[in-house]
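Close look at the chain arrangement
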Amino acid sequence: MGGFFKSSVGRKVAMALSAFFLMFFLLQHFAINILSVLNPDLFNEVSHFMGTNPLIQFALQPVLIFGVVFHFIMGFVLEIKNKKARNVAYVKNNGAANSTWMSRNMIYSGVAILAFIVLHFIDFWFPEINTKFIKGDWSGTIEGVEGFRYYEELTHKFVSPIRVGAYVLAFVFLALHLLHGFTSAFQSMGATAGRKKTLQNIGKAYSILIPLGFIFIALYHHFNH
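What counts, and at which threshold
- Residues numbered from 1 in each chain as written.
- Predicted model: local features only at pLDDT ≥ 70, side-chain atom pairs only at ≥ 80, totals over all residues.
- Heavy atoms only, no water.
- Helix = DSSP H or I, 4+ residues; strand = E, 2+ residues; numbered from the N terminus.
- Contact = heavy atoms within 4.5 Å.
- Areas by Shrake-Rupley, 256 points an atom, 1.4 Å probe, with all protein chains shown as cover.
- Buried < 20%, exposed > 50% of the residue type's maximum accessible area, 1.4 Å probe, protein only.
- Axes fitted to C-alpha atoms, helices over the stretch in contact; angles between N-to-C directions.
- Parallel < 35°, antiparallel > 145°, perpendicular 65-115°, else oblique.
- Nonpolar A, V, L, I, M, F, W, Y, C, P; charged D, E, K, R; others polar.
- Patch = residues over 30% accessible without salt bridge, like charges linked within 9 Å, V, L, I, M, F, W, Y side chains within 5 Å.
- Salt bridge = Lys/Arg side-chain N within 4 Å of Asp/Glu carboxyl O.
- 1 Å grid on protein atoms, 1.4 Å probe; cavity = no way out; pocket = protein on both sides within 12 Å on 5 of 7 lines; lining within 4 Å.
- Points joined across faces, edges and corners; volume = space filled by probe spheres on them.
- Polar contact = N/O pair within 3.5 Å; in protein donor to acceptor, adjacent residues only side chain to side chain.

If you check an unreviewed UniProt entry, the protein chain appears there as Succinate dehydrogenase / fumarate reductase cytochrome b subunit from Algibacter luteus.

Written as structure tokens, this is what we have:
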């Protein structure tokens, strides 16, 4: 296993697999959050199920956190390795001709996304951990709110225009990151050149529509709170 991660191909495959996992999670996360716009009661029900299901909380959640950490660490490792391997002068003179802006700046969009994840954890995940594992409250309710609390907590976070602006900016960076990362992940797994155009089209649709959907959710709750 150590030899696998020492090879360039092995690192790229590992990066691609973690990217697939996170892109699937992102799609599932969006599917749940859009319910807060379409059907708040159903959003509360689904959120409570996800937040109290032992399989999700004690098995899938740790896997997700590991996947996020692994993807970012591997991204930084690949960036360092690539910088050491390439001719800097050549890249400066010919970078725009040989690669896209997104591919040359994946590390910067990745750092922006990482900063957003920290904010997102502060907004939602840390309070959930405190409520369930520190206070021991798994009821999903809160005083003064009828039914489950999840919709109320979500909409409350999007009152501040500064926070909403940060979310919007983060999802713009996510779109830029995905525009290169989606196709790159498939290529690392051996996708043929003949399928490149199809993958690029699917990647563009995913990379634009999913972040745009999250932006819509944030703006919708901000203007309708």
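After that view of the structure, there is still more to cover.
Attention now moves to the overall build of the protein chain. Across its full length, the protein chain carries 11 helices and 0 strands. Secondary structure elements of the protein chain occur, N-terminal to C-terminal, as α-α-α-α-α-α-α-α-α-α-α. Sequence separation of at least 24 residues holds for 75% of the intrachain contacts in the protein chain that already meet a minimum separation of 6. Split by element, the accessible area of the protein chain, about 13400 Å² in all, is 69% carbon and sulfur.

Bringing the environment of asparagine 33 into the picture now. When you line up the elements, asparagine 33 lands in helix α2 (residues 8-33). The class for asparagine 33 is buried, based on a relative accessible area of 12%. For asparagine 33 and valine 46, which are 13 residues apart along the polypeptide, the C-alpha to C-alpha distance reads 9.7 Å. Residue contacts for asparagine 33: discarding those within four places in its chain leaves Phe43, Leu154, Phe214 and Ile217.

Looking now at the packing of helix α4 (residues 40-52) against helix α9 (residues 150-157). For the pair α4 and α9, the least separation of the axes is 8 Å and the interaxial angle reads 105°. Between α4 and α9, the angle is such that the two are roughly perpendicular. In contact with Pro40, Phe43, Asn44, Ser47 and His48 of α4, α9 contributes Tyr150, Tyr151 and Leu154. Considering only residue class, the contact of α4 with α9 consists of 5 nonpolar, 3 polar and no charged.

A contiguous nonpolar patch, built from Phe58, Phe133 and Ile134 and spanning about 340 Å² of accessible area, is present on the exposed surface. Summarising the element assignment, phenylalanine 58 is placed in helix α5 (residues 54-85).

Here the focus is the layout of surface pockets. Rolled over the atoms, a probe sized like a water molecule indicates the empty space that remains. By volume, the second largest pocket is sized at about 280 Å³. If you list the elements that add at least two residues to the lining of the second largest pocket, you get α7 (101-104), α10 (161-188) and α11 (196-223). Top contributing element to the lining of the second largest pocket by residue count: α10, with 7 residues. Considering only residue class, the lining of the second largest pocket consists of 4 nonpolar, 10 polar and 2 charged.

Inspection of the secondary structure assignment puts glutamate 128 in helix α8 (residues 106-134). Expressed as a C-alpha distance, the spacing of glutamate 128 and glycine 140, which sit 12 residues apart in the sequence, is 9.7 Å. In contact with glutamate 128, other than residues within four places in its own chain, are Phe133, Arg149, Tyr150 and Glu153. Among the polar contacts made by the side chain of glutamate 128, one reaches the side chain of arginine 149 at a distance of 2.5 Å.

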